[in-house]
Amino acid sequence: MSKNFIGIKNAIKEIQNYNGWIYAKNDINTNDDAKVFFYIADLNRSPEEEREVRENFHRQGFSPYLSKEYIEDIVDNLDQQMDSPRIEKYLEAMRFFKENDAFIEID
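For clarity, every value in this text was computed on a predicted model and none was experimentally measured.

Quick notes on the rules
Residues numbered from 1 in each chain as written. Predicted model: local features only at pLDDT ≥ 70, side-chain atom pairs only at ≥ 80, totals over all residues. Heavy atoms only, no water. Phe/Tyr/Trp six-rings, centres within 6.5 Å; stacked < 30°, edge-to-face > 60°. Helix = DSSP H or I, 4+ residues; strand = E, 2+ residues; numbered from the N terminus. Buried < 20%, exposed > 50% of the residue type's maximum accessible area, 1.4 Å probe, protein only. Expected span 1.5 Å × (residues − 1). Arc of directions from axis to C-beta. Contact = heavy atoms within 4.5 Å.

A. View of the packing of aromatic side chains. This structure, assessed with the given rule, holds 12 aromatic pairs. Judged by centre distance (5.2 Å) and plane angle (65°), the ring pair of Tyr23 and Phe57 falls under edge-to-face. Here the residue Tyr23 occupies a position in strand E2 (residues 21-24), and Phe57 occupies one in helix H2 (residues 47-59), the gap between them amounting to 34 residues. Each member of the pair, Tyr23 as well as Phe57, carries the same accessibility label: buried. Ring centres 5.0 Å apart and planes at 85° place the aromatic pair Tyr39 and Phe57 in the edge-to-face group.

Here it is as structure tokens:
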């Protein structure tokens, strides 16, 4: 299965163009531009085939990071707290959300 890789920073900037879950090789650092891809389950596959696809991703070191909807919510939340946040702030907010299951609060 081929994956269309994109840098995480572009994925955030263009989130409206994607669907599904971001898969990443590791925890995304606030300073990197990790190559990620979006994945949506193929409803034409059997559950066993779908599990094989996801296991293949895992063998290659990729795991689900956050869904498009979570990222949109994180971006919206940060936009309400700051005027024109830098992309690194979005990455920081995503990491905070993933680790704490909560939105970051900017003082």
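B. Highlighting H2. For H2, spanning 13 residues, the distance from its first C-alpha to its last is 18 Å, which sits close to the expected 18 Å at 1.5 Å a residue. Along H2, the residues classified as buried are Glu50, Val53 and Phe57. Looking down the long axis of H2, one finds its buried residues gathered within 55° of arc, a one-sided arrangement. Facing away from the buried side of H2, by more than 90 degrees, are the exposed residues Glu52, His58 and Arg59. Buried residues along H2 sit in contact with E2 and strand E3 (35-39). Two residues or fewer past H2, Gly61 is found with a positive phi of approximately 95°.

Don't take any of this as a statement about function, it's just geometry.
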